[in-house]
Amino acid sequence: MQKEQVEYQISYLYEEHQFMKGHVIDGRNLFPATEYLKLAWQTFADTKHLELDTTAVIFENLVRGRITICSNSIGQQLNLPPNTFVHDDNLKILRQGEIYREFYLRGYNYSGLFKGIKTCNVDASMGLIKLDDNWATFMDNMLQLQILQTDTRLLFVPVGIKKIIIDPIKHKQIVENQNGEECLLLAHTNKDCNMIKSGGIEIHGLQVRSIFKKKARLEPVLEKHVFVPNGATLVLEEVVRVNTQIIFENTLEHHLKALDFVNEFTDISSTHVMGFVNKALEDMLLVAPDLTISSKTTLNETPGIKCETVTLTPESNILLYIGSKILQQSNTLKQFFGPLRKNGFILTREETNFRLQKSTNEVEILTDYMTENERIILLRKKLETVEPKLVEVSSSNFEWLPELQNALNLGKNVIAYATNQKPEGILGLINCIRRETNGSLVKCFFMMDDAPKFDPQHSFYSKQISKNMDVNIYKNGSWGTYRHLRLEKRPKVNSEHSYAYFKNRGDISSFEWLEGALNTDVPLEEGRILGLTYYSSVNFKDIMAAFGRVNPELLEPRRLAQEFLTGFEFSGIDLSGRRIAGITDCHGISSHVIVDPSSVWQVPDSWTLEDAATVPVVYSTVIYALLMVGNMQPGCSILIHSATGGIGLAALNVCLHYKCEIYVTVGTQEKRGYLKKYYPQIPDSHIGNSRDTSFEQMIKRETKSRGVDIVLNSLSEDKLQASVKCLARNGQFMEIGKYDLANDSSLNLLFMKNKAIYHGIVFDGLFKSSLKELKSKLINHLLEGIKEGFVKPLPRILFSPDQVGESYRYMMTELGMDSMVGTEII
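Reading the values: rules and limits
- Residues numbered from 1 in each chain as written.
- Predicted model: local features only at pLDDT ≥ 70, side-chain atom pairs only at ≥ 80, totals over all residues.
- Heavy atoms only, no water.
- Helix = DSSP H or I, 4+ residues; strand = E, 2+ residues; numbered from the N terminus.
- Buried < 20%, exposed > 50% of the residue type's maximum accessible area, 1.4 Å probe, protein only.
- Contact = heavy atoms within 4.5 Å.
- Areas by Shrake-Rupley, 256 points an atom, 1.4 Å probe, with all protein chains shown as cover.
- Patch = residues over 30% accessible without salt bridge, like charges linked within 9 Å, V, L, I, M, F, W, Y side chains within 5 Å.
- Salt bridge = Lys/Arg side-chain N within 4 Å of Asp/Glu carboxyl O.
- Pairing = 2+ DSSP bridges.
- Axes fitted to C-alpha atoms, helices over the stretch in contact; angles between N-to-C directions.
- Core = buried A, V, L, I, M, F, W, Y, C linked by side-chain atoms within 4.5 Å.
- Parallel < 35°, antiparallel > 145°, perpendicular 65-115°, else oblique.
- Nonpolar A, V, L, I, M, F, W, Y, C, P; charged D, E, K, R; others polar.

Draft legend 1. Structural detail: the overall build of the chain. Scanning the chain from N- to C-terminus turns up 24 helices and 40 strands. The buried share of the chain, reckoned over its 826 residues, is 50%. For the chain, long-range pairs separated by at least 24 residues make up 67% of all intrachain contacts whose partners lie at least 6 apart in sequence. With an accessible surface of roughly 41,800 Å², the chain has 50% of that area assigned to carbon and sulfur atoms.

Below is the structure:
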């Protein structure tokens with residue numbers, strides 16, 4: 001086929017591209033992979049002078065993007081069950097809203113044509129997809145159904161597809177046979193075959209990879225919604241937050257202009273409250289603050305607050321005036337209201353022993369709070385009251401609703417009240433009404449405690465009505481309001497069980513210890529035991545998981561466990577006091593672990609528990625790879641990469657015991673020096689560099705081009721290919737690295753020529769399996785190695801429990817060696 005280049009201009013200015021606005025993942029509008037396929041298909045059809053809807057195609061190996069025309073697509077498609085969706089009352093069905101709510105929780109923000117899955121069963125093996133005459137969105141919905149099969153909260157994107165078969169003629173025939181107002185096509189997915197089929201489309205071998213979710217630009221505001229009396233003792237920040245919210249609630253002003261006036265009455269040692277006003281407004285949406293501190297002295301600059309000398313005039317138009325000892329200047333009280341808006345407020349800071357005089361006809365005291373050092377009073381000018389229309393709100397009937405609507409339509413003042421009731425939505429109702437036309441005419445009175453029958457003339461109510469506050473709640477014997485207060489920081493607690501947790505994958509600074517649910521009395525599943533952790537090790541697998549170099553789904557398929565990939569080995573005691581060490585699925589950096597008894601063993605008397613924590617993962621990996629899988633024989637030759645890492649040192653000890661001819665690589669001169677000092681049996685000519693491919697020439701030179709019998713590989717990319725070339729005929733390649741396995745990297749066909757054998761060592765899967773006989777064999781090998789002396793503790797650096805993050809950073813330095821970091825839990 002002659003190569004041709006076609007350019008497509010993609011823009012939302014064009015109506016045909018508008019649908020792609022609905023393809024939003026993690027808040028980012030991404031170009032759909034299926035639209036790339038459609039464009040390639042369109043280009044192919046155009047070069048053959050064919051119509052798209054009559055051109056059957058096969059896409060193959062879409063990582064590389066090869067496409068061939070399909071001469072017999074029908075013959076290549078699978079025969080699946082008829083196009084029917086069985087509605088069985090005993091079968092749980094997910095509806096469209098439930099499906100896309102699940103996608104939303106995972107980070108997919110689909111809309112429009114990309115929300116095409118109408119219904120599916122719980123395991124997503126079958127579903128109905130709406131056809132909207134758009135090939136790209138239909139195929140994307142097919143991919144969505146397959147991703148839905150995975151029980152995860154991770155965010156997956158397609159990275160490759162083995163084959164897609166599209167037969168538009170067959171597809172059209174199936175569509176024409178549909179009945180009903182909207183065209184819904186049945187889609188089948190098969191996990192075992194990794195394929196999905198719907199209409200005339202088959203997708204084989206979808207490869208997906210989890211990606212990092214975008215970090216939130218702002219930390220979420222964690223608040224509690226609590227009743228706060230209008231008079232109480234609070235800390236200063238809470239006093240300011242409550243009053244700021246009351247001001248906004250009573251004005252609904254989106255431009256809040258406030259002035260903190262510093263003068264001779266101001267206590268210079270006191271905290272300026274304007275900073276707290278700013279903090280309170282930051283947590284309120286759509287409020288534009290204009291905050292100023294007026295002072296003749298120089299003040300420290302505060303972000304978001306102006307510091308300047310202000311001359312007050314009637315045109316100042318201030319909503320909130322903050323001052324000191326204002327109520328002690330009653331003879332000049334009128335001057336403070338001059339610069340205020342008609343509905344403006346004054347916040348005055350009085351002394352704790354200040355006695356409030358009987359209210360004048362000029363002001364209304366709205367709130368009166370006491371702090372440790374002062375008394376904070378919110379007041380405003382007395383407003384004219386108008387006789388209101390009374391509407392009793394009830395959830396038992398809605399006869400009051402037309403009455404409320406009519407009153408607002410006529411522009412009447414209304415008091416909506418409810419008495420002796422639990423919260424039933426009246427506060428939410430009033431909040432919504434107040435944002436509608438004439439909504440500011442509504443006042444709310446909600447009596448949650450026993451109170452007199454509502455009567456505006458009753459002294460119990462008349463005083464509160466005169467304050468003209470929009471929301472009035474009577475609870476716990478006091479008038480007050482419900483306010484949003486910041487949640488206190490989580491206090492440290494004494495917990496029998498705690499575990500290390502990285503809140504953000506890829507960010508080790510987000511480490512924290514969390515309280516767990518385990519204890520010595522917790523009931524355990526049959527065949528499980530509880531271990532009390534004394535030491536837990538950090539090895540390279542932990543680093544790859546924490547920094548996102550290996551996707552968590554490859555390490556742990558279970559959704560709940562994917563959040564806790566911290567630590568896979570430990571040492572400690574069981575409930576009988578026996579000293580044990582072993583391997584756990586996850587949560588190894590924890591005070592308690594639940595483990596399979598076949599994955600632990602008794603620590604020798606000559607070892608400390610600190611010694612024991614350096615052994616489980618590294619030696620188990622080496623023994624499993626070399627002795628059980630590779631059947632390594634004495635005297636064979638082996639290349640060990642990253643020899644000063646935990647696995648490298650363990651492999652050296654095993655191979656020296658088997659009198660192997662050993663070749664190694666290291667990354668620095670310091671590590672080369674370490675080997676020469678502690679492993680003098682290895683000649684300098686057998687030590688290569690793991691940072692480049694020069695070790696290949698070392699192997700050819702030292703083996704006279706024969707190669708080695710075994711390569712224990714943890715290197716990737718070009719160094720992986722060079723390692724393959726180091727193998728002798730009939731050699732064995734042991735891949736213990738996760739990176740190339742995860743990326744489905746290709747290998748040189750030299751394997752076939754030299755009759756070499758490739759082994760992907762997925763050791764962690766062994767201890768999650770039910771193969772007790774295999775695990776028992778591994779433990780026996782390990783215990784035999786301990787007895788014969790070639791399984792022995794490794795060097796390590798010890799970190800305390802509050803230094804888990806530092807231990808991970810250490811592992812990333814030039815000095816770090818796999819499994820050499822023990823985190824002491826006691």
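Draft legend 2. Inspection of a nonpolar patch on the surface at higher detail. Side chains of V6, Y8 and I10 sit close together on the surface and give an oily, nonpolar patch of about 230 Å² of accessible area. Positionally, V6 belongs in the segment before β1 (24-25). A residue is classified by how much of its surface remains accessible, and V6, at 41% relative accessible area, is partly exposed.

Draft legend 3. Here's a closer look at the sheet that holds strand β18 (residues 340-350). The strand order across the open sheet formed by 8 strands is β13-β19-β20-β18-β17-β14-β15-β16, and the pairing between neighbours is mixed. Both outer strands of the open sheet, β13 (231-233) and β16 (305-307), are each paired with one neighbouring strand and no more. In this sheet, adjacent strand axes meet at a mean angle of 20° when their direction is disregarded. Pairing of strand β14 (residues 255-261) with strand β15 (residues 288-294), which is carried by 7 bridges, proceeds in the parallel orientation. In the strand pairing of β15, L256 is matched with P289. Against the sheet, helix α7 (residues 274-282) makes contact with β14, β15, β16 and β17 (318-324), and its axis sits at roughly 175° relative to β15, the strand it touches most.

Draft legend 4. Broad picture of the nonpolar core. The biggest cluster of nonpolar side chains holds 55 residues, and the ones touching the most others in it are M632, I640 and L652. No other element matches the 10 residues that helix α15 (residues 616-629) contributes to this core. If sequence neighbours within four positions are ignored, L652 has contacts with I640, A643, I662, V664, L675, Y679 and I682. Counting 43 residues, the second-largest nonpolar core is a separate cluster that includes W41, L52, I166 and I203.

Draft legend 5. Examining the environment of F337 more closely. Take F337: it is sitting in helix α8 (residues 333-337). Judged by relative accessible area, F337 falls into the buried class, the value being 13%. Separated by 44 residues in the primary sequence, F337 and K381 place their C-alpha atoms 7.3 Å from one another.

Draft legend 6. Quick look at the packing of helix α3 (residues 96-106) against helix α4 (residues 135-148). Packing of α3 against α4 leaves a shortest axis separation of 12 Å and a crossing angle of 75°. With respect to their mutual orientation, α3 and α4 come out roughly perpendicular. Facing α3, whose interface residues are I99, Y100, E102, F103 and R106, α4 presents N141, Q144, I147 and L148. A breakdown of the residues in the contact of α3 with α4 according to their chemical character gives 5 nonpolar, 2 polar and 2 charged.

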